[in-house]
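Chain by chain, the residues run as shown.
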Amino acid sequence: MTTPGPDGDHGLRLVPLRGLRYVPEAVGSLSAVTSPPYDVVVRPDGLLHLESADPHNIVRLILPQADTAAARHQQAARTLHDWIAEGILAPDPVPALYVYEQSRDGLLQRGLIGALALSAPEAGVVLPHEDVMPHVVADRAALMRATAANLEPLLLTYRGTPGPADTASVIDRTVARPPLLATTTEDGFHHRLWAITDEAEIAEAASDLSGHQALIADGHHRWATYLRLQQEHGPAASAWDYGLVLLVDTARHPLQVRAIHRLLHRLPVSEALAAVGHSFRVRHLEVPLSEATAALAESATQGNAFLLAGDGSYHLLDRPDPELLSRTVRRDRPDAWRTLDAAVLHETLLAHVWHVPDAPEDIAYIHDTQAAVEQAERNNATAVLMHPVREEVVRDLARQGVTMPRKSTSFGPKPATGLVLRSLDVT
């Protein structure tokens, strides 16, 4: 894998854009028009909540509702066109890089939003760490194609190295100035945004970033979408050669890593437990969710562990049969991959024990633990609650070019959707 060098030939290339942003005077409040990223919105409850928060909530663009996929995408395109025409959204007057800050309860995260030059996977500039689902990429591509816009930034991380002229210094100088906007979303996060328009400061940040590679923390499907649409538009240089991203230096602002849980729509807990038999140790827990997840965390320090929910109680699965793992987990991967909880779940439990296809009608991926449990109990389904992977494991596998099973991790805090959009028609 190519590692970016100091000459910047193989490093990150972040360029300014004229951000498309909500006009504060045209909406009720900025917090009411934002949403989490599209794949974090818990549907249908969360979607309806956001739609009712404000008639111009960004969820009407990222998760439009209609009878068919084509109708949804066209509806989003019409909505975006109408909001620009009505002055709900407007492009900034000059191109800028944007400093974006999130804070809550002592946590502080700052990064740079801009348009990142796309690069092929073999270049090793942007490192994915998870596989993607083709149907999700196809849907996001159709939406992006219809709207000609990047509606929400990917979250990328890199490891900065302090120097006399670096991105961190540019960010520190910028946040000493008054922000473009400040708002607090209902999850308690405070958000602030600044624009960097000075050419010398932009050049300083660009020069520093050109010596780095980045890990995709959140947005694998959107990155795959960027690359697909770039291919569609051919070799001629165009706006499709760039994608909207947020770059965070995790040497200064370490991200939190959480698990993404599975909801098995067609598998009741009783059937799941019966199929497991003696291939895992199974302990039944009649305790609150907080105590059950604490037991999961404790077991996860000793090996693979999962928490099943959906029947009003919790069932801790751990100590898998080594012979079963040896027989079912693929061998063409390093040991760090073969021992991942997500690998054991998909290779052993889903494929060989439960015979559950990895298809949207069979499995949903849910970030919120309580929501996963509630949906399982409501629908006589099984929620498989996961324990998070350590960031260093994710990064080491990515550098080896090894992708983890899809939806293995959830890095955060994630950027709020709706603060900066990128129209490919605005230069």
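1. Some remarks on the pairing of strand S16 (residues 305-309)
Thinking step 1. Counting buried residues in S16 gives five out of five residues, a clear majority hidden from the surface.
Thinking step 2. A two-sided burial pattern is seen for S16, the buried positions comprising Ala305, Leu307 and Ala309 on one face and Phe306 and Leu308 on the other.
Thinking step 3. Strand direction decides the pairing type here: S16 and strand S17 (residues 314-318), joined by five bridges, are antiparallel. The residue of S17 that forms the bridge with Ala309 is Tyr314.

2. Some thoughts on the nonpolar core
Thinking step 1. In terms of nonpolar packing, the biggest core is built from 114 residues, with Tyr22, Leu112, Trp223, Leu247, Phe306 and Trp354 touching the most fellow members.
Thinking step 2. Sort the elements by how many residues they give to this core and helix H13 (residues 341-353) lands first, with seven residues.
Thinking step 3. Filtering out sequence-adjacent residues up to four positions away, Phe306 remains in contact with Phe280, Leu296, His315, Leu316, Leu317, Asp341, Val344, Leu345, Leu349, Val384, Leu385 and Met386.
Thinking step 4. Core analysis: the next-biggest nonpolar cluster, separate from the first, contains 19 residues, Leu289, Ala309, Ala376 and Leu385 among them.

3. Examining the sheet that holds strand S15 (residues 281-285)
Thinking step 1. In spatial order, the strands read S15-S17-S16-S19-S14-S18; together these six strands make up an open sheet with antiparallel pairing. Two strands lie at the open edges of the sheet, namely S15 and strand S18 (363-366), each paired on one side alone. Ignoring which end each strand starts from, the neighbouring axes of this sheet average 25 degrees apart.
Thinking step 2. Relative to S17, helix H9 (residues 269-276) is tilted by about 25 degrees, and along the sheet it contacts S15, S16, S17 and strand S19 (382-385).
Thinking step 3. Against the sheet, H13 engages strand S14 (261-264), S16, S18 and S19, with an angle of about 60 degrees to S16.

4. Description of the packing of helix H6 (residues 167-174) against helix H7 (residues 199-209)
Thinking step 1. Where H6 contacts H7, the axes come no closer than 8 Å and their chain directions differ by 145 degrees. On the side of H6, the interface is formed by Thr167, Ser169, Val170 and Arg173, while H7 contributes Glu201, Glu204, Ala205, Asp208 and Leu209.
Thinking step 2. Of the residues contributing to the contact of H6 with H7, the split by class is three nonpolar, two polar and four charged.

5. Looking at H13
Thinking step 1. An ideal rise of 1.5 Å per residue puts 18 Å on 13 residues; H13 reaches only 15 Å between its terminal C-alpha atoms.
Thinking step 2. Three or more residues of H13 are buried, namely Asp341, Ala342, Ala343, Val344, Leu345, His346, Thr348, Leu349, Leu350 and Val353.
Thinking step 3. His355 lies just past H13 and shows a positive phi near 55 degrees.

6. Re the side chain of Ser299
Thinking step 1. Within the element layout of this structure, Ser299 appears in helix H10 (residues 289-300).
Thinking step 2. On the basis of relative accessibility, which here comes to 10%, the residue Ser299 falls in the buried class.
Thinking step 3. Of note is the side chain of Ser299, whose polar atom sits 3.2 Å from the side chain of Asp318.
Thinking step 4. When residues no more than four places from it in sequence are discounted, the contact partners of Ser299 are Arg283, Ala305, Leu316 and Asp318.

7. Re the side chain of Glu130
Thinking step 1. By secondary structure assignment, the location of Glu130 is in the loop between strand S6 (126-127) and helix H5 (134-147).
Thinking step 2. Among buried charged residues, Glu130 stands out as having no salt bridge; its nearest opposite-charge side chain is Lys407, 6.0 Å away.
Thinking step 3. At 2.7 Å, the side chain of Glu130 and the backbone nitrogen of Ser408 are in polar contact.
Thinking step 4. In terms of polar contacts, Glu130 uses its side chain to reach the backbone amide nitrogen of Thr409, at 2.7 Å.

8. A look at a negative patch on the surface
Thinking step 1. A surface patch of negative charge is lined by Glu286, Asp311, Asp368, Glu374 and Glu377.
Thinking step 2. You can see Glu286 is positioned in the loop between S15 and H10.
Thinking step 3. With a relative accessible area of 67%, Glu286 lands in the exposed category.

9. Concerning the confidence of the model for the chain
Thinking step 1. When pLDDT is averaged across the chain, the result is 92; 97% of the residues are at 70 or more.
Thinking step 2. Under a pLDDT of 50 for its full length, residues 1-9 has, in the predicted model, 21 contacts with residues more than four places off or in other chains.

10. A closer look at the pattern of salt bridges
Thinking step 1. Considering all chains together, one arrives at 22 salt bridges under this definition.
Thinking step 2. Residue Arg104 is joined to Asp105 by a salt bridge in which the shortest nitrogen-to-oxygen separation is 3.9 Å.
Thinking step 3. What makes Arg104 partly exposed here is its relative accessible area of 29%.
Thinking step 4. The exposure class of Asp105 is exposed, given its relative accessible area of 76%.
Thinking step 5. One salt bridge in this structure joins Arg266 and Asp362, with 3.7 Å as the shortest N-O distance. Of this pair, Arg266 sits in the loop between S14 and H9 while Asp362 is found in the loop between H13 and S18, placing the two residues 96 residues apart along the sequence.
Thinking step 6. Judged by relative accessible area, Asp362 falls into the buried class, the value being 10%.

11. Section: unusual backbone geometry
Across residues other than glycine, the phi torsion is negative in most instances, and most of the peptide bonds are trans.
Thinking step 1. Here Gly412 and Pro413 are connected by a cis peptide whose omega angle stands at 5 degrees.
Thinking step 2. Assignment of secondary structure puts Pro413 in the loop between strand S20 (410-412) and strand S21 (422-423).
Thinking step 3. Of note, Asp105 is a non-glycine position whose phi angle comes to about 50 degrees, a positive value.
Thinking step 4. For Asp105, the location among the structural elements is in the loop between strand S4 (97-104) and strand S5 (107-117).
Thinking step 5. The phi torsion at Ala148 lies on the positive side, around 50 degrees, for a residue other than glycine.
Thinking step 6. Relative to the elements of secondary structure, Ala148 occurs in the loop between H5 and strand S7 (149-150).

Reading the values: rules and limits
Residue numbers here run from 1 along each chain, matching the order of that chain's written sequence. Local features in a predicted model are, by the rule used here, given only for residues with pLDDT of at least 70; side-chain atom pairs are given and counted only at 80 or more, and totals for whole chains, interfaces and linings are based on all residues. Note: side-chain values were computed over all heavy atoms of the structure, leaving out hydrogens and water. Only protein chains enter the calculation, and the probe is 1.4 Å; a residue is then buried if its accessible area is under 20% of its type maximum, exposed if over 50%, and partly exposed in between. Numbering of helices and strands runs from the N terminus; a helix is a DSSP stretch of H or I covering at least four residues, while a strand is a stretch of E covering at least two. Strand pairing is assigned whenever DSSP detects at least two bridges linking the two strands. In this description, a nonpolar core means a group of buried Ala, Val, Leu, Ile, Met, Phe, Trp, Tyr and Cys residues linked to one another through side-chain atoms lying within 4.5 Å. A contact between two residues is defined here by any heavy atoms of the two lying within 4.5 Å. Under this scheme, a helix contributes an axis fitted over its contacting stretch, all axes are lines through C-alpha atoms, and angles between N-to-C directions fall in the 0 to 180 degree range. Just so you know the grouping, Ala, Val, Leu, Ile, Met, Phe, Trp, Tyr, Cys and Pro go in nonpolar, Asp, Glu, Lys and Arg go in charged, and all remaining residues, Gly too, go in polar. How far a helix is expected to stretch is found by multiplying one less than its residue total by 1.5 Å. Polar contacts, as used here, are pairs of N or O atoms within 3.5 Å; protein pairs need one atom able to donate a hydrogen and one able to accept it. Residues neighboring in sequence count only if both atoms are side-chain atoms. A positive count includes Lys and Arg, and a negative count includes Asp and Glu. His and the chain ends are not counted in either. Any carboxyl oxygen of Asp or Glu that lies within 4 Å of a side-chain nitrogen of Lys or Arg is treated as forming a salt bridge with it. Residues enter a patch when their relative accessible area is above 30% and they make no salt bridge; the linking distance is 9 Å between like charges and 5 Å between nonpolar side chains (Val, Leu, Ile, Met, Phe, Trp, Tyr). The method behind every accessible area is Shrake-Rupley, applied with a 1.4 Å probe, and residues are considered shielded solely by the protein chains displayed. Positions of charges follow a simple convention, taking NZ of Lys, CZ of Arg, CG of Asp or CD of Glu. Think of pLDDT as the predictor's per-residue confidence, scored from 0 to 100.

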